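Descriptive analysis of the structure
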Amino acid sequence: MYDPVQLRTFLTVAQTLSFTQAAGRLGVGQSTVSQHVRRLEEATGRPLFVRDTHSVGLTDDGEALLGFARTILEANERAAAFFAGTRLRGRLRFGASEDFVLTRLPEILEGFRHEHPEVELELSVELSGTLHERLDAGRLDLVLAKRRGPGDERGRLVWRDRMVWIGAEGLRVDPERPVPLVVFPPPGITRARALEVLEGEGRGWRIACTSGSLSGLVAAARAGLGVMAHTRGLIPPGLVRVGGLPELGPVEFALLRGARPSAAAEALAAAVLSGADRLSRTSTA
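Quick notes on the rules
The numbering scheme is per chain: residues are counted from 1 as the chain's sequence reads. Given that the model is predicted, a residue must reach a pLDDT of at least 70 before its local features are reported, and side-chain atom pairs must reach 80 or more before they are shown or counted; all residues, however, enter totals for whole chains, interfaces and linings. The basis for every side-chain value is the complete set of heavy atoms in the structure, and neither hydrogens nor water enter the calculation. The axes are straight lines fitted to the C-alpha atoms, using for helices just the contacting stretch, and the angles between their N-to-C directions are given from 0 to 180°. Secondary structure elements are defined from DSSP: runs of H or I of at least 4 residues count as helices, runs of E of at least 2 residues count as strands, and each element is numbered from the N terminus. We call two directions roughly parallel when the angle between them is under 35 degrees, roughly antiparallel when it is over 145, roughly perpendicular when it lies between 65 and 115, and oblique otherwise. For any helix crossing, the convention is left-handed if the near helix is rotated counterclockwise from the far helix by under a right angle, and right-handed if that rotation is clockwise. It only takes one pair of heavy atoms within 4.5 Å for two residues to be counted as in contact. Residue polarity is assigned by list, with Asp, Glu, Lys and Arg as charged and Ala, Val, Leu, Ile, Met, Phe, Trp, Tyr, Cys and Pro as nonpolar; anything else, Gly included, falls into the polar class. Only when DSSP finds a minimum of two bridges between them are two strands counted as paired. A crossover counts as right-handed when, viewed with the strands pointing away from the observer, the path leading from the first strand over the helix to the second turns clockwise. Between Lys or Arg on one side and Asp or Glu on the other, a salt bridge is scored when a side-chain nitrogen of the former is within 4 Å of a carboxyl oxygen of the latter. Residue burial is assigned from relative accessible area. The probe radius is 1.4 Å, only protein chains are included, and a residue is buried under 20% of its type maximum, exposed over 50%, and partly exposed in between. A 1.4 Å probe that fits into a set of points on a 1 Å grid over the protein atoms alone but cannot get out defines a cavity; an open set with protein on both sides within 12 Å along at least five of seven lines defines a pocket, and lining residues are those with an atom within 4 Å of a point. Grid points are joined across faces, edges and corners, and a volume is the space filled by probe spheres set on the points.

**Considerations on the packing of helix H1 (residues 4–16) against helix H2 (residues 19–26)**
Interaxial distance between H1 and H2 falls to 8 Å at its minimum, and their mutual angle equals 125 degrees. What the angle tells us is that H1 and H2 run oblique. In the packing of H1 onto H2, the handedness of the crossing is right-handed. Only Phe19, Gln21, Ala22, Arg25 and Leu26 of H2 make contact with H1, whose side of the interface consists of Arg8, Thr9, Thr12, Val13, Gln15 and Thr16. Class assignment of the residues belonging to the contact of H1 with H2 gives a composition of 4 nonpolar, 5 polar and 2 charged.

**Examining the pairing of strand E4 (residues 119–126)**
Pairing geometry for strand E3 (residues 90–97) and E4, over 8 bridges, is parallel. Across the sheet, residue Leu92 finds its bridge partner in E4, namely Leu121. As a crossover connection, the stretch from E3 through helix H5 (residues 105–115) into E4 is right-handed.

**Describing the pattern of salt bridges**
Under the definition given, this model contains 13 salt bridges. Of the charged contacts in the structure, one is a salt bridge between Asp136 and Arg154, with a shortest N-O distance of 3.2 Å. Placement of the pair is Asp136 in helix H6 (residues 128–136) and Arg154 in the loop between strand E5 (142–146) and strand E6 (156–168), with a sequence separation of 18 residues. On the accessibility criterion, Asp136 (48% relative accessible area) is partly exposed. Arg154 sits in the partly exposed class, given a relative accessible area of 33%. Glu252 is the salt-bridge partner of Arg160, the closest N and O atoms lying 3.2 Å from each other.

**Quick notes on the layout of surface pockets**
By volume, the largest pocket is sized at about 530 Å³. If you go around the largest pocket, you meet 26 residues; those closest to its centre are Thr16, Leu17, Val56, Arg160 and Arg232. Mapped by element, the contributors of at least two residues to the lining of the largest pocket are H1, strand E2 (56–58), helix H4 (60–84), E6 and strand E11 (250–257). Looking at the lining of the largest pocket, its residues break down into 8 nonpolar, 9 polar and 9 charged. Quantified by volume, the second largest pocket comes out at close to 380 Å³. A per-element tally of the lining of the second largest pocket places H5 first, with 6 residues. Broken down by class, the residue content of the lining of the second largest pocket amounts to 6 nonpolar, 4 polar and 6 charged.

Now the structure itself:
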C-alpha cells in the first residue's frame, strides 16, 4: 500500500522538479517533502529521483510511478467526492494557454466533466498574455498560463521548463543575417521573450510569420520560414531544436484564480494540479 500523501508529494516534485517549490505548493517544510520521497523510495525499493545541488530529475522508475500515482490519487478523490454527497453546480469560465492545445489537457477536462456533470464549463484558448488580461478584467474564473517572466509569482506553480528555439529539421540560421522569427502577435509572452533575448545579444531579427494560432505558427515553422521560441517539453511533431541562438531561459506555467474563486474553480484547479505531469506529454490523438 502506498501512502496517498507521499504520492501527492512525489507528483508535486515531479511537476516542479524542485523540492523547494513542491514544499511551497503543498504548504509544508522542505524536510517534510524529502521525508515523504524517502519513505516512498523505501516502499518501492527503487530510487525515484536523481538530484544534486543544482537539479532534480526523474529516474526511469520515477517515470513509471507517475501513472500509478495519478491513478491511485484520482481513485481516492472520486471515492471522497462520492461519499461526501456534494454535487458542484454553476458556470466555470476556464482559460488555457495555446501551449496546451496538443497536450493531454483535454483528458483532464473530460475527467472533470465526468465527475461534475452539472458544472457548465466554458473553455477559452488564448495567448497567455491575453488570458492574464481577461482574468484581471473579471472575464475568467481560472487560468492556466505562462507566468509573465522573472519575478512574477502569481498563482500556483504547475510546471517549470525551459524555452528553446525550434524549427524545421535541417534549418540553419545564418549568423550574418537577421534571425527569421515565427511568432504570436502581442501580447504573446514567448514573442516578448524572443525579441528581448535577441536584442540583448545584439542580434538582428525580422518577423517571417505572425499568427494568433499555434497551428499557424507550426505550419510556418515546418515550411522552413523561420524559428520560433517554444517550451522544451511541448515541441510539436515535425519540429526540432535549433542551435546557434541565445539561450531563452526558464518558463513557468501557473494556475491563477479570479477574485472570487468558486468551489467549481477549486475542484478544476485540483484536477489540473494532480494531472500536471500529463501537460508535458503530447497527445497522439
